[in-house]
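Here's the letter readout for the chains.
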Amino acid sequence: MKPLRALLAVLAAVVAALAAAAALALAPPFQSWAAHRYLAARPGWGLAVGRVSVGPAAAYAAGLRLERSGAVLTAPAVRVDLPVADALWKRELPIRRLAASGWTLDLTHFEEAGTAPPALLPPRSRGPVPAAAAAHVSVPATIALFDGFFHKLRLPADCELDALELEGDVILPPAAGAPPARVHLELSGGGLAAGREGRFVYRLSLAPPAAGAPIGSLSAEGVLAAAMDTPRTFSRLEAGIDASAQGGKLAAPAKLTARVAAARTGADESFSVALAGTEKQLLALQAGYAGSTHLLAGSWKLDLSDGDLAPFALGAPLPSFAASGEGRFDADATLSAVRVDGRLGLTADRLGVLRPALAAVGPVGLTADFDLSHRDGEVSVARLAASVAGGQPVARIDALQPFALNVHSGELKVADPARDLVGIELQGLPAAWTGPLWPGLTPTAGALRGRLVASARNGGLSLRSDGPLTLDGLYASRAGHPVAAGLDLTASLTADYAPAGWQVSLSRGAASRGSAPLLSFQGRAGRLAGAAQPVAAAGEFHLHLPDLAAATGGAAPARGDLSGDFTARIGGVSAVQARLEISDLAADAAAEPWSLIAVELRADQQADGRWKIAAPLAFARAGRKSDLTLQGTLAASAGGTVLEGQLAGAKVVLGDVSALGALEALRGATAAGTDAPAAAGPFWGLLRGRLTLALKEVDGGRAVWNDVGGTVRLEPAALSLSALQGRLATGGDFSGGLSLAYDPAAPRAYALQAELAASDFDYGAFSRARDPSRVPVIEGRFKISGRLHAAAAQPLGLLDALQGDLQLSSKGGIFRALRADVADALRQSPALLSEAIGSVTSLFGLRDDKGAEAKGVIDKQGQAVVALAERLRELPYDQINVAARRGPDLNIEITSFSLIAPEVRLSGAGRITHEEGVGILDQPFAFDGQLGARGRLGELMGGLGLLGSDKDDLGYTRMGEAFHLGGSLGAIDASSWRDQLLKSALHKAAGGVLDKLLGK
């Protein structure tokens, strides 16, 4: 008995454990914990639940939240009454009752979050698909695209639905400028099972809209019916809705009724769609599918306008339209054979609500009568007549005979190859309608006219213009600025398509304004058949710049002609070659013209997608020639075009290369002047990357530079030039760098920071090269350093706005600021004084020996003055140091000047006053200084009474008065200094003469 008791005890324990486990499994806390754990491991489902309770006859979920493609469903509670064991083990869903209330479906962000989560989609294959599997997948997709509807509507389990009770709200996406609409839904019914028809009644009501809404109330009700012939299949489906809107801005209540039905009888199926308004039938669609022949056939009829739908659009804007027509269609199960015929009439307006670019179209009407079919890749046109009109006739297309085109082989079949196939009459296509085809341009006037004819040729299709196509009176603008004003364009078009390939060409193209010809052009493009064949294109043009600039509203040069040509191969190994040439270009009648500006571009695409480019540029003007060559690579990136390359040249004359700025002005970018607001974006646009400079000789007009090098870096809002170096042809090595920042929000969009350094700068040679007729004020080699900055609305204004500090120093040379004109004046003074003394002696009857003695004093003093002038004519110095600053007023303040020579020391400060349009060396100059002397020069100046009694720290005796220099740096005016010396010297001489005359 004891073993039996032990066995019973074990069995009892097992039963108790199972009972405990079952009790635990049926406990809502455990079920909720398990559900949370399961869903947490699958975040891609977008499903969350608060509490779960599953029993033998019912399942319950609270706090349900499901998010999919931006739509969010939240439900406080969902209850399903069904035998849970049958659902789990027998694949049966005999639902006795499904109920949910208080739920909300938020569609305000529907489809903003993307497509369905990948975790809910079938996994993608990561390897090759077996042939058998591929065949299994492809057969239904290619052979039976439509082989009936009902057999695909097969449920995965046996289903019944005795009762359904749903009540909640749907929040719809808002219309422009309106709050989201909230629709309340009630759905109830049941009785769905095999051999029975289930019926479900629903009601929709729109929440009271805000004041001023287009409607006051919107409600709808209807019936959903479904009949099942087996627990998993349906034999009939039907849906109906009766909607009504009233109040608000509606003049009268509006009604909309819709019925959709589908039924299956054996292998055959029938479909119908009906839409009706208050007073008329809006849409009728009838179709039938024959299971024996796998053919779908039906008819359609349409009489619909925006007024029929607007009351039910929940405030969403609709274009104004009215469409009417009727016809028939048929297709096979694979949709490889489709035929549609009928007639259609359509008028529309306010198309801008669909796409802003369509706002320019205005009212438009379309009529069409057609009989079109497609079978096994062959499109057949049995009948086609269509016309488009706006305020007046726009275009018409007519099929002139039946034809068929194989879209795979390109073969064209016609009844009579000698006859034309299609005629297209362009009666006045408004240029404004073509706006979406021209990014950045807004055409506002002009109409395209002409006739195009399509015909069969070489087994393909040929389209040609019957006479020239014309675009009359074209007006267009870019960002509000006119770029075309009253232009007339003409061209002849030919397009050929055949199994061997296609080609399009424009010939005899011309643009004119009134009777003035502006532009001539021609071009062609084509591609041979085959997946790897490139598109080849070529063209050429010639235009007269003054007339074209005037016609487009840009700055007009006095004269100049622009011509060019190009060839291109796009696809495979792409390549572009182009030539652009401007001849006899002059900004105004008095300006010296550029005899030639030429650019040749060669670009070849590399295997990595980058373009290798070479672009030689040539400039010729008044017998001078400049050459530049840009070489490197271009690559597209998310932030713009990336350039890596070099800009090199044997000789560059900056004044001639400035023609590039003139061309920019023609585009209107700088026509308003350097103080005009900056354009959108920096002048280097979307260009990024790095460019090295290697210029052998740069002629700046007043200076020639050799071996100029550096590195230019381009960023979205910054340009920098680093490691800049060069050597002046007259002597001097320069180096430095700069950074240019762009900020469109700043009052002046461009901000420049620069550093400059120079060594061994030969000012004397520089000055002689600038003006050989003038003797340099200073002969010496200088060291220069400085920091500069500027801000301007346009790049061309930065030079004039430069500010900052400069320091200059020299360790030896010759100083000529106190030069020959001072000595010449001193030479004339003794003779004048001698004549005056002679007159005084005769007048007072003094002895001749007294007069002779006085004249001797004057002659001696004059000799001292002349000797002083000669020593000051060219003054050798040991060192010069200068500090200067240019401030916001653009005047240059010489804050400190110091010169030390063996016998002279100079110091002082001065100013160069800014004058618009005048070079720095020619701007007004003023300097006030102190002079000290020693040695022989000091004795001469002391003997003339020019020196005081004070000595500086180096032992130089200072002059009693400051001296002044004027004029300009290029031509210093020392007349004040000369007069000062003359006055002091004559005063000393006069004192000595009087002493002699009075016998002292």
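Residues numbered from 1 in each chain as written. Predicted model: local features only at pLDDT ≥ 70, side-chain atom pairs only at ≥ 80, totals over all residues. Heavy atoms only, no water.

**With respect to helix α12 (residues 935–943)**
Our working rule: When accessible area is computed with a 1.4 Å probe and restricted to protein chains, residues below 20% of their type maximum are described as buried, those above 50% as exposed, and intermediate ones as partly exposed. Where helices and strands are cited, they refer to DSSP runs of H or I of at least four residues and of E of at least two residues respectively, numbered from the N terminus. The arc in question is the one traced by the directions running from the helix axis out to the C-beta atoms.
Regarding α12, the residues found buried are L937, G938, L940 and M941. Take α12 and look down its axis: the buried residues cluster within an arc of 160 degrees, on one side only. In the stretch just after α12, G945 is the one whose phi turns positive, near 75 degrees.

**Observations concerning the confidence of the model for the protein**
What counts, and what does not: Confidence of the prediction at every residue is given by pLDDT, a number between 0 and 100. Throughout, a residue-residue contact means that at least one pair of heavy atoms, one from each residue, lies within 4.5 Å.
Summarising the model, the protein shows a mean pLDDT of 80, and 82% of its residues fall at 70 or more. Within the protein, strand β47 (residues 879–886) carries the highest mean pLDDT (96), whereas helix α4 (residues 131–143) carries the lowest (36). A low-confidence stretch, residues 835–841 stays under pLDDT 50, and its non-local contacts, those more than four residues away or across chains, total 9 contacts. In the predicted structure, residues 843–847 sits below a pLDDT of 50 and forms 3 contacts with residues beyond four places in sequence or in another chain.

**With respect to the pairing of strand β12 (residues 233–246)**
The condition is simple: Strand pairing follows a simple DSSP-based rule, namely that at least 2 bridges must link the two strands.
Taken together, the 11 bridges between strand β11 (residues 217–230) and β12 define a ladder with antiparallel strand orientation. Directly across from T230, in β12, lies its bridge partner T233. Where β11 folds back on β12, the antiparallel hairpin that results is connected by 2 residues. The pairing of β12 with strand β13 (residues 254–265) spans 10 bridges and is classified as antiparallel. Looking at the pairing, A245 lines up with A254 of β13.

**Looking at the pattern of salt bridges**
Cut-off, in case you're wondering: Salt bridge, as used here, is a side-chain nitrogen of Lys or Arg placed within 4 Å of a carboxyl oxygen of Asp or Glu.
Counted according to the given criterion, the structure contains 48 salt bridges. Notably, a salt bridge pairs R182 with D169, separated by 3.2 Å at the nearest N-O pair. Of this pair, R182 sits in strand β9 (residues 182–190) while D169 sits in strand β8 (residues 164–171); the two residues are 13 residues apart in sequence, bridging distant segments of the chain. Residue classification places R182 among the partly exposed residues on the basis of a relative accessible area of 37%. In this structure, R905 and D952 form a salt bridge, with 3.2 Å as the shortest nitrogen-oxygen distance. One end of the pair, R905, is in strand β49 (residues 904–912); the other, D952, is in the loop between β51 (947–951) and β52 (957–959), and 47 residues separate them in sequence. On the basis of relative accessible area, R905 is assigned to the partly exposed category, the value being 22%. D952 gets classed as buried once you look at its relative accessible area, which sits at 12%. One continuous salt-bridge network, built from bridges that share partners, spans R339, D341, D369, D371 and R383.

**Looking at helix α9 (residues 763–770)**
Rule in force here: We call two N or O atoms a polar contact when they sit within 3.5 Å, provided that within protein one can donate a hydrogen and the other can accept it, with sequence-adjacent residues counted only if both atoms are side-chain atoms.
Three or more residues of α9 are buried, namely Y763, G764, F766, S767 and R770. Projected down its long axis, α9 shows its buried positions confined to an angular sector of 165 degrees, all on one face. Those residues of α9 that are buried are in contact with β41 (718–728), β43 (750–762) and β44 (778–792). By the N-cap criterion, in which a side-chain oxygen at the helix start approaches the backbone nitrogen of a residue two or three places on, α9 is capped by D762, the distance to G764 being 3.2 Å.

**Looking at the side chain of Q923**
When you line up the elements, Q923 lands in the loop between β49 and β50 (925–933). For Q923, a relative accessible area of 3% corresponds to the buried category. A polar contact of 3.5 Å, which involves the side chain of Q923, links it to the backbone oxygen of E915. Side-chain polar atoms of Q923 contact the backbone oxygen of V918, separated by 2.8 Å. Residue contacts for Q923: discarding those within four places in its chain leaves I912, T913, H914, E915, V918, G967 and S968.

**Overview of the pairing of strand β24 (residues 420–430)**
Bridge count for strand β21 (residues 393–399) against β24 is 5 bridges, and the pairing is antiparallel. When the bridges of β24 are listed, A399 appears paired with V422. Note that β24 and strand β25 (residues 442–457) share 8 bridges and pair antiparallel. Across the sheet, I424 pairs through a bridge with L452, a residue of β25.

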